[in-house]
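Residue-level structure breakdown
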Amino acid sequence: MTGGGARRGFAAVAAALTASAWAILWLGERGPYGRYLAHGGWTDSSPAASICRLWPAAGTLLPATIYVGGWLLMTTAMMLPTTWPLIDRFDCVVAARPNRRRLTLLVVAGYLTVWAGFGLLAHLADTGLHEAVRQSPWLLFNGWPVGTLILAIAGAFQFSRLKYRCLARCRTPLSFIAKHWHGRTPSRDAFLLGLDHGLFCVGCCWALMLVMFVVGTGNLGWMLALGAVMALEKNTSWGLRLSRPLGAALFAGAVLLAVVNLST
């Protein structure tokens with residue numbers, strides 16, 4: 001296969017992977033499995049309950065495994081398209097190698113590994129938050145302060161220096177290739193390249209991803225909207241101009257949520 005044909009072939013595979021993730025999420029939202037992107041009730045179903053009875057530790061490990069799997073699927077749908085410029089450029093760099101597909105997939109694997117780790121941390125934090133809320137009868141019936149806080153944090157982060165430092169790195173994908181790709185240990189270099197890019201991607205997008213906990217982690221409409229915003233921020237020449245207005249909108253959402261609930 002020629003270089004151009006191989007590139008088109010890999011682009012088709014990447015597009016199919018992303019489309020498949022969206023399709024599975026769409027089907028899950030309309031079926032009985034959409035709850036696996038949300039908390040609560042995981043071990044109430046018959047198969048999960050049976051596993052928990054046979055293996056007590058499954059009460060902790062099974063929800064975490066299911067959630068991280070769902071989060072990884074969501075990340076593939078939302079975030080993989082935002083990192084396509086890096087993947088495409090790396091695929092060009094290794095175009096002459098017979099193992100180019102494996103190396104490019106290792107970049108993707110490193111990238112998704114970081115997001116899977118973030119998903120696990122988000123699961124642990126959200127589980128701890130739910131446990132804390134259960135200790136407060138008022139918060140059990142008034143969850144809006146948590147949503148207000150998350151929106152305010154996400155809004156504030158849009159103005160932070162860390163946001164712009166990480167975003168600047170994500171907008172220059174060739175810098176990751178120049179830093180990591182030396183060719184002497186190709187598999188290791190490719191995986192580390194994906195890890196490094198994933199770390200900076202999490203660094204610039206983590207707060208926006210937390211907004212999913214406010215609007216619903218299984219909500220496809222919000223996934224599309226936030227995924228589009230993050231792709232525009234990272235990959236368009238005018239993307240940087242979106243960050244501060246978006247931060248202001250998130251602040252406004254936090255204020256509106258608080259005012260509406262305090263006035264009722």
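See above for the structure.
What this report covers is the structure whose coordinates are included nearby. Worth saying up front: this structure is predicted, and the values here are computed from it rather than measured.

Going through the model one piece at a time under the given rule, you end up with five salt bridges. Close ionic contact of aspartate 91 with arginine 100 constitutes a salt bridge, the shortest N to O distance being 2.7 Å. With a relative accessible area of 2%, aspartate 91 lands in the buried category. Judged by its relative accessible area of 8%, arginine 100 is buried. A salt bridge links aspartate 196 to arginine 169; the shortest N-O distance between them is 3.9 Å. Taken as a pair, aspartate 196 in helix H10 (residues 186-210) and arginine 169 in helix H8 (residues 161-170) lie far apart in primary sequence, 27 residues in all. The class for aspartate 196 is buried, based on a relative accessible area of 9%. Since its relative accessible area comes to 22%, arginine 169 is described here as partly exposed.

Below, the discussion takes up the packing of aromatic side chains. With the rule as written, the count across this model stands at five aromatic pairs. The interplanar angle of 85° and the centroid separation of 5.6 Å between the aromatic rings of tryptophan 115 and phenylalanine 118 together place this pair among those described as edge-to-face. Of this pair, tryptophan 115 and phenylalanine 118 both sit in helix H5 (residues 100-134), three residues apart, which is roughly one turn of that helix. This pair shows no difference in class: tryptophan 115 is buried, exactly as phenylalanine 118 is. One residue, arginine 169, lies across the ring of phenylalanine 176, its end atom 4.7 Å from the ring centre.

Calculation rules
- Residues numbered from 1 in each chain as written.
- Predicted model: local features only at pLDDT ≥ 70, side-chain atom pairs only at ≥ 80, totals over all residues.
- Heavy atoms only, no water.
- Salt bridge = Lys/Arg side-chain N within 4 Å of Asp/Glu carboxyl O.
- Buried < 20%, exposed > 50% of the residue type's maximum accessible area, 1.4 Å probe, protein only.
- Helix = DSSP H or I, 4+ residues; strand = E, 2+ residues; numbered from the N terminus.
- Phe/Tyr/Trp six-rings, centres within 6.5 Å; stacked < 30°, edge-to-face > 60°.
- Lys NZ or Arg CZ within 6 Å of the ring centre and 35° of its normal.

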